[in-house]
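Read off the chains here:
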Amino acid sequence: MLNKPRTKGYYMIDFHAHILPNIDDGAENAEVSLNMLKISAEQGVDCLVAAPHFYPDEESLKSFLERRAKAFHSLIERCNAEENFKMPKIKLGAEVYWFKGMSNAENLDKLAIQNTQCLLVEPPMARWNEDLIEDIESIGVKQKLVPVIAHADRYARMLEDYSLFDVLGRHRVLIQTNASFFIYDECRKKALELLAEGRIHFIGSDCHNADNRRPNIGDAAKIAAEAGLAKQFAQITVNSKRVLEGN
């Protein structure tokens, strides 16, 4: 595990974390959430985007937002009870599962990452057609939101088709990859190549617990640095910070 960097002004962001307790398949309770936050802080993460799953065909927006607020307050209470712990900042968001006609949906902005216009979209695990990608792209035109494809690397790796990044590059969408993209031996080379080319916009741990799907942004940062790409990794952090500050 990396120690927190001492570089002045250093800032690391986890752009996709299932850190909120008892809301989805992420942290099962506030104690697990606290442990996840401690691991993140030890790695140098100063801010996380809490992105619980939202499945529009299974739950109303009102119900989801109420559950998210309850989970967040539960986490805050647990962290406040912990002595000598400086909790990383948390920005509320959602990992929104794509559905047909999504670009025309009402109140989509309520699912955007807090104080931003970025919407984290999870496409289905299948071969994507142009209609799907164009509908996601249209969110930007019709809703004035910025669609961000969640864990794009997972689709490329599972479908064994890295041309997905070329397809996405032809559309007005942003790309979030998981830190594991840099960690897994079978895809590390591709991850570093895309990082060097500036084709990754955000990096998240997609952490779900403190065990087998633990926070790992620091591990990805170390791998990038060892490959001579520390500046490129840091630039993603700078860009993420600007986005989360509303710029």
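Residues numbered from 1 in each chain as written. Predicted model: local features only at pLDDT ≥ 70, side-chain atom pairs only at ≥ 80, totals over all residues. Heavy atoms only, no water.

Draft legend 1. Spatial organisation of the packing of aromatic side chains. The tally for this structure, following the rule as stated, stands at eight aromatic pairs. Ring plane angle 5° and centroid distance 4.0 Å describe the contact between F15 and F202, whose orientation is recorded as stacked. Here F15 is found in strand 1 (residues 12–17), whereas its partner F202 is found in strand 9 (residues 202–204), with 187 residues between them in sequence. Comparing F15 with F202 shows no difference in burial state: the two are buried. Relative to F64, the ring of F54 has its centre 4.9 Å away and its plane inclined at 50°; by these criteria the two rings are tilted. Of the two residues, F54 sits in strand 3 (residues 53–54) while F64 sits in helix 2 (residues 61–80), which places them 10 residues apart along the sequence. Judged by its relative accessible area of 5%, F54 is buried. Clustering of aromatic rings is evident, with ring pairs tying together Y162, F165, F181, F182 and F233. (Phe/Tyr/Trp six-rings, centres within 6.5 Å; stacked < 30°, edge-to-face > 60°. Helix = DSSP H or I, 4+ residues; strand = E, 2+ residues; numbered from the N terminus. Buried < 20%, exposed > 50% of the residue type's maximum accessible area, 1.4 Å probe, protein only.)

Draft legend 2. Structural detail: the sheet that holds strand 5 (residues 95–97). The six strands are arranged 3-5-6-7-8-9 in an open sheet whose pairing can be described as parallel. Because the sheet does not close on itself, it has two edges, and the strands there are strand 3 and strand 9. In the sheet, strand 8 (residues 174–178) pairs with strand 9 via three bridges, with the strands oriented parallel. Residue pairing in the sheet places N178 in a bridge with G204 of strand 9. Relative to the sheet, helix 3 (residues 130–142) contacts strand 6 (118–122) and strand 7 (146–149), its axis offset from that of strand 7 by approximately 150°. (Pairing = 2+ DSSP bridges. Contact = heavy atoms within 4.5 Å. Axes fitted to C-alpha atoms, helices over the stretch in contact; angles between N-to-C directions.)

Draft legend 3. Fine view of unusual backbone geometry. Non-glycine residue N22 carries a positive phi angle of around 55°. Counting through the fold element by element, N22 comes out in the loop between strand 1 and helix 1 (30–43). With a relative accessible area of 61%, N22 lands in the exposed category. In this structure, N107 takes a positive phi of about 60° despite not being glycine. Structurally, N107 can be placed in the loop between strand 5 and strand 6. Looking at N107, the relative accessible area reads 39%, which means it is partly exposed.

Draft legend 4. Seen up close, the confidence of the model for the protein chain. The pLDDT averaged across the protein chain works out to 92; a share of 96% of its residues lies at or above 70. pLDDT under 50 marks residues 1–10. Its contacts with residues more than four places away, or in other chains, come to 18 contacts. (pLDDT = per-residue confidence, 0-100.)

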